[in-house]
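Structure at a glance
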Amino acid sequence: MAGRRIMLELVSLLVICISQTSHGFTLFSSLNRTLAVDSSATAGQVLKAGEDTITVTWAYKGTDDSSYKTVEIHLCYAPISQKDRGWRRTADNLEKDKTCPLLVVASPYSPSSRNGSFVWLVEEDVPPATYFIRAYALDAGSHRLGYGQTTDDEKATNLFEVVAVTGRHASLAIASACFSAFSVVSFAGLLAAEKIGGKTM
Ligand SMILES: *[C@@H]1O[C@H](CO)[C@@H](O)[C@H](O)[C@H]1NC(C)=O
Ligand SMILES: *[C@@H]1O[C@H](CO)[C@@H](O)[C@H](O)[C@H]1NC(C)=O
């Protein structure tokens, strides 16, 4: 009896697992690299968040794009910026993958042109890190079918960096504000001194 019950539970668990795999999530390793993706960011280039732009272009290079409905462009962490940071971990299950958390843009896939381009101002709140760009092709149900990226499979080539400039701006602003305040105070002091000096003299 108990054995049968456990067996039944195992079977239903198995059914749940199978239905999860077929409907629930997509494995990155199951995607075909059907998009050629290029960006204006060259290897080693340092881009300033909030100031610099990246132009991303992509083009289809596969043989069957009949289900393609959308192309998403993502900013993705290079391995060096994932090291010791579990929250940026790469997972084959794309639902758990944290490599590319930042969606740059999603645009409709045009079966007539099969390509696209987007100019992106690196947003001010992009964390300083080393990145590459990846594009995903999605079907009508938002399932990922294909991808392309600006780096190789090892994510080792053609990486670029984003640095923050807000901090520098803020401290510069503070420094110049202090300097002006200091000048006003010293000017006032000078005037006062002169006035006093004038009186006593
Ligand atoms: C897309 O392809 C067409 C035809 O090959 C070309 O004229 C156009 O410049 C391409 N656009 C982009 C954004 O690459
Ligand atoms: C990847 O390509 C193969 C061969 O062209 C094809 O059979 C398969 O369905 C494709 N996979 C996806 C997810 O489009």
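Source: prediction; values computed, not measured.

In the case of a regular strand, side chains alternate between the two sheet surfaces. Summarising the sheet, strand β1 (residues 32-33) and strand β9 (residues 144-149) pair through two bridges and their orientation is parallel. Residue pairing across strands places N32 opposite G146, the latter belonging to β9. Of the strand pairs in this sheet, strand β8 (residues 129-138) and β9 are connected by five bridges, and their pairing is antiparallel. For R134, the partnering residue across the bridge sits in β9 and is Q149. Between β8 and β9, which pair antiparallel one after the other, the connecting turn spans five residues, and S142 there sits at a positive phi close to 65 degrees.

Let's shift gears to the site of ligand 1. N115, G116 and S117 make up every residue found near ligand 1. At 2.2 Å from an oxygen atom of ligand 1 is found a side-chain nitrogen or oxygen belonging to N115. Compared with its free state, where it exposes 370 Å², ligand 1 has 30% of that area covered by protein.

Mapped onto the secondary structure, S67 falls in the loop between β4 (53-60) and β5 (70-77). Under the relative-accessibility criterion, S67 is labelled partly exposed at 37%. Filtering out sequence-adjacent residues up to four positions away, S67 remains in contact with L138, D139, A140 and L145.

With that out of the way, let us pick up the sheet that holds strand β7 (residues 115-121). A sheet is described by the order of its strands in space; here three strands give the open sequence β2-β4-β7, paired in antiparallel fashion. Lying at the two open borders of the sheet, with one neighbouring strand each, are β2 (35-39) and β7. Across the sheet, the mean angle separating the axes of adjacent strands is 15 degrees when strand polarity is ignored. In terms of strand pairing, β2 meets β4 through five bridges, oriented antiparallel. Across the sheet, the residue bridging to D38 is T57, located in β4.

So, on to the environment of A106. Looking at the element boundaries, A106 is found in strand β6 (residues 102-108). Of the residues examined, A106 reaches a relative accessible area of 43% and is grouped as partly exposed. Not counting the four nearest positions on each side in its chain, A106 is found in contact with T70, V71 and E72.

Here the structure, examined in full by the defined rule, presents seven aromatic pairs. Ring plane angle 80 degrees and centroid distance 6.3 Å describe the contact between Y60 and Y109, whose orientation is recorded as edge-to-face. Taken together, the residues span a long stretch of sequence, with Y60 in strand β4 and Y109 in the loop between β6 and β7 at a distance of 49 residues. For the pair Y60 and Y109, one class covers both residues: buried. On the numbers, 5.3 Å between centres and 75 degrees between planes, the contact of Y68 with Y109 is edge-to-face. One end of the pair, Y68, is in the loop between β4 and β5; the other, Y109, is in the loop between β6 and β7, and 41 residues separate them in sequence. Looking at R88, its charged tip hangs above the ring of Y77, at a distance of 4.0 Å from the centre. A cation sits over an aromatic face here: R144 above Y136, 4.2 Å from the ring centre.

How each quantity is defined
Residues numbered from 1 in each chain as written. Chains lettered and ligands numbered in written order. Predicted model: local features only at pLDDT ≥ 70, side-chain atom pairs only at ≥ 80, totals over all residues. Heavy atoms only, no water. Pairing = 2+ DSSP bridges. Helix = DSSP H or I, 4+ residues; strand = E, 2+ residues; numbered from the N terminus. Near = heavy atom within 4 Å. Polar contact = N/O pair within 3.5 Å; in protein donor to acceptor, adjacent residues only side chain to side chain. Areas by Shrake-Rupley, 256 points an atom, 1.4 Å probe, with all protein chains shown as cover. Buried < 20%, exposed > 50% of the residue type's maximum accessible area, 1.4 Å probe, protein only. Contact = heavy atoms within 4.5 Å. Axes fitted to C-alpha atoms, helices over the stretch in contact; angles between N-to-C directions. Phe/Tyr/Trp six-rings, centres within 6.5 Å; stacked < 30°, edge-to-face > 60°. Lys NZ or Arg CZ within 6 Å of the ring centre and 35° of its normal.

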